[in-house]
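Geometric and topological summary
Each chain is listed here by its residues.
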Amino acid sequence: MSPVYLDYNASALVRPEVQAAMTEALADNGNPSAVHAAGRRARARVETARARVADMVGADAQSVIFSSGGTESNAQAIASALAAGCERLIVCASEHPCVAEAAIASGKPVKVLPVDGRGVIDLGKLSELLRLPGKAVVAIHHANNESGVIQPIREAASLVREYRGWLHVDAIQSAGKIPVSMAALKADTLTLSAHKLGGPQGVGALVLGEGRSAVQIVRGAGQERGLRAGTENVPGIHGFGVAADCAVRDLPTAQAHGVWRDEAEAAVEAAGATIMGKGAPRLPNTLFLSVPDWESPQALIMLDLEGVMVSAGSACSSGKTKPSRAIVAMGRLDLATGGVRVSGGWGTTKDDWSRFADAWTRAYARQRARNTERAKENA
């Protein structure tokens, strides 16, 4: 049987439409800053992609700044907020490491915004933190990259605006899976990444809210209206634009995947798994489970041998035996090293989810039998 890929939250499979578009762009390469015909064609691809990415989130095209990826764009968002007069940071406890680390590296005071046992932010605590002295930049991801838990961004935005702060929303995991709108979320800045949508790796975007501006963190020439130096990655940006179009087109289908996820969830829960984020709004493509007696690296190896590719949570920490950031934030230290994240996407079928559930159930039953034998030997 062919392998099952259920690790779209780490990196989606590149869509065929994107592959074709990027091949075309690679064959007709030109510097988009050049005035000759090849340069003008390259510039047209960049600007068309800018409009497509902006349309995906209901933004003005001129508010989109292309980058090397979500990590860079998150760093630029934080730097821009601080340059605009924010004096401190409030960061969600389950935020992606690139946001948390950028906050710490800023040298400004950082407060952690806790989440509850489901992984949802504490709005009461946010209000309390905003009342402290100094204007704050608040960083809250739209959906958690591990658990898929969706945060109440609109409610948070109202609080941030009341205290004249700056709300930065990392929408890298939510875009293309649920509707994302700058106007609805009321974000001051928002970040996106091509490879989560079925586009290429190494391309991201910062989207500026109305009245907000950005500071340059990659210095050099005047590309991206002087806001991000370096020759634009034209094939990658072109692929990003096509992926954004495809993601908008496929949004109804992406929502429907939740039924398949729920069936798999019921099967593994019946077999002994704890579902992280259960009871909270979650992305329809994401299932995050854990058990206390089977660590993630061993589980991933066993599932891979069964032909099922999943991850331990954040792709940035896969392969390392360390606690899940999201599970720790939820207060479940007993489950923090046993997390397994399953995430589907545009190429996923109902059978893929069924194969995962069957493989995990069989493998975990074997693991429990081994644990029982070890306990008997040590008794």
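Before any of the text, the structure's been laid out above.
Below you will find a few notes about this structure. (Residues numbered from 1 in each chain as written. Predicted model: local features only at pLDDT ≥ 70, side-chain atom pairs only at ≥ 80, totals over all residues. Heavy atoms only, no water.)

On to the overall build of the chain. Each helix and strand counted, the chain has 13 helices and twelve strands in total. Taking 379 residues into account, the globule formula puts the C-alpha radius of gyration at 21 Å, and the chain, at 21 Å, falls close to it. Reported as C-alpha extents along the three principal axes, the dimensions of the chain are approximately 75 × 55 × 35 Å. Nonlocal contacts in the chain, meaning residues at least 24 apart in sequence, comprise 70% of its contacts between residues at least 6 apart. When the accessible surface of the chain is summed, it comes to about 15,400 Å², and 54% of that surface belongs to carbon and sulfur atoms. Each charge class in the chain was averaged separately, 41 positive and 38 negative side chains, and the resulting centres sit 4 Å apart. (Helix = DSSP H or I, 4+ residues; strand = E, 2+ residues; numbered from the N terminus. Rg over C-alpha atoms; globule rule 2.2 N^0.38 Å. Contact = heavy atoms within 4.5 Å. Areas by Shrake-Rupley, 256 points an atom, 1.4 Å probe, with all protein chains shown as cover. Lys, Arg positive; Asp, Glu negative; His and termini not counted. Charge placed at Lys NZ, Arg CZ, Asp CG, Glu CD.)

This part covers the sheet that holds strand β7 (residues 189-193). Spatial ordering of the open sheet is given by β2-β8-β7-β6-β5-β3-β4, a layout of seven strands whose pairing is mixed. With partners counted over all chains shown, the strands left at the sheet margins are β2 (64-67) and β4 (110-113), one partner each. In this sheet, adjacent strand axes meet at a mean angle of 20° when their direction is disregarded. In the sheet, β2 pairs with strand β8 (residues 204-208) via four bridges, with the strands oriented antiparallel. For serine 67, the partnering residue across the bridge sits in β8 and is glycine 204. Docked against the sheet, helix α6 (residues 153-162) engages β5 (136-139) and β6 (166-170), running at close to 160° with respect to β6. (Pairing = 2+ DSSP bridges. Axes fitted to C-alpha atoms, helices over the stretch in contact; angles between N-to-C directions.)

The next thing to look at is the sheet that holds strand β9 (residues 274-275). Here we have three strands laid out as an open sheet, ordered β9-β10-β12, and antiparallel in their pairing. Every other strand in the sheet has two partners, leaving β9 and β12 (339-343) as the edge strands with one partner each. The pairing of β9 with strand β10 (residues 286-290) spans two bridges and is antiparallel. Residue pairing in the sheet places threonine 274 in a bridge with serine 290 of β10.

This paragraph deals with unusual backbone geometry. Even without being glycine, arginine 164 reaches a positive phi, approximately 60°. Looking at the secondary structure, you find arginine 164 in the loop between α6 and β6. Judged by its relative accessible area of 58%, arginine 164 is exposed. In this model, arginine 225 sits at a positive phi of 55°, which is unusual for a non-glycine residue. For arginine 225, the position within the fold is in helix α8 (residues 223-226). (Buried < 20%, exposed > 50% of the residue type's maximum accessible area, 1.4 Å probe, protein only.)

Counting 54 residues, the largest nonpolar core has Phe66, Leu126, Ile140, Leu190, Leu192 and Phe240 as its most contacted members. It is helix α9 (residues 234-249) that provides the largest number of residues to this core, a total of eight residues. (Core = buried A, V, L, I, M, F, W, Y, C linked by side-chain atoms within 4.5 Å.)

The next point concerns the packing of aromatic side chains. Centre distance and the angle of the planes are the two values used to describe a pair of aromatic rings. For the coordinates displayed, the defined rule picks out five aromatic pairs. Ring centres 6.1 Å apart and planes at 50° place the aromatic pair tryptophan 294 and tryptophan 360 in the tilted group. One end of the pair, tryptophan 294, is in the loop between β10 and α11 (296-305); the other, tryptophan 360, is in helix α13 (residues 350-378), with 66 residues separating them in the sequence. Exposure class is identical for tryptophan 294 and tryptophan 360. Each is buried. Clustering of aromatic rings is evident, with ring pairs tying together Trp294, Trp360 and Tyr364. (Phe/Tyr/Trp six-rings, centres within 6.5 Å; stacked < 30°, edge-to-face > 60°.)

Okay, the pattern of salt bridges next. Opposite charge on two side chains lets them pair, provided their charged atoms get close. Under the defined criterion, the tally for this structure stands at 23 salt bridges. In this structure, glutamate 17 and arginine 249 form a salt bridge, with 3.1 Å as the shortest nitrogen-oxygen distance. Note that glutamate 17 is positioned in helix α1 (residues 16-27) and arginine 249 in helix α9, a separation of 232 residues in sequence. The residue arginine 212 makes a salt bridge to aspartate 188 at a minimum N-O spacing of 2.9 Å. With arginine 212 in the loop between β8 and α8 and aspartate 188 in the loop between α7 (182-185) and β7, this residue pair connects regions lying 24 residues apart in the sequence. Here the salt bridges share partners, and the residues they tie into one network are Arg43, Glu47, Arg50, Glu224 and Glu232. (Salt bridge = Lys/Arg side-chain N within 4 Å of Asp/Glu carboxyl O.)

The complete set of buried residues in α11 reads Ser296, Ala299, Leu300 and Leu303. Each buried residue of α11 lies within a common arc of 100° when the element is viewed along its axis, so the set occupies one face. In α11, the exposed positions angled more than 90 degrees off the buried face are occupied by Ile301 and Leu305. Of the surrounding elements, those touching the buried residues of α11 are β11 (308-309), β12 and α13. (Arc of directions from axis to C-beta.)

Another aspect to go through is the side chain of histidine 141. Looking at the element boundaries, histidine 141 is found in the loop between β5 and α6. For histidine 141, a relative accessible area of 2% puts it in the buried group. In this structure the side chain of histidine 141 is engaged in a polar contact, spanning 3.2 Å, whose partner is the backbone oxygen of serine 94. Excluding anything up to four places from it in sequence, histidine 141 contacts Cys92, Ser94, Glu95, Gln151, Ile153 and Asp170. (Polar contact = N/O pair within 3.5 Å; in protein donor to acceptor, adjacent residues only side chain to side chain.)

Here we take up the packing of helix α2 (residues 37-56) against α9. Here α2 crosses α9 at 35°, and the two axes come no closer than 8 Å. Regarding α2 and α9, the two cross each other, and that crossing is left-handed. Contacts between α2 and α9 pair Ala42, Arg45, Val46, Ala49, Arg52, Val53 and Met56 from the former with Val234, Ile237, His238, Phe240, Gly241, Val242, Ala244, Asp245, Ala247 and Val248 from the latter. Its residues assigned to classes, the contact of α2 with α9 shows twelve nonpolar, two polar and three charged. (Left-handed = near helix turned anticlockwise from the far one by under 90°. Nonpolar A, V, L, I, M, F, W, Y, C, P; charged D, E, K, R; others polar.)

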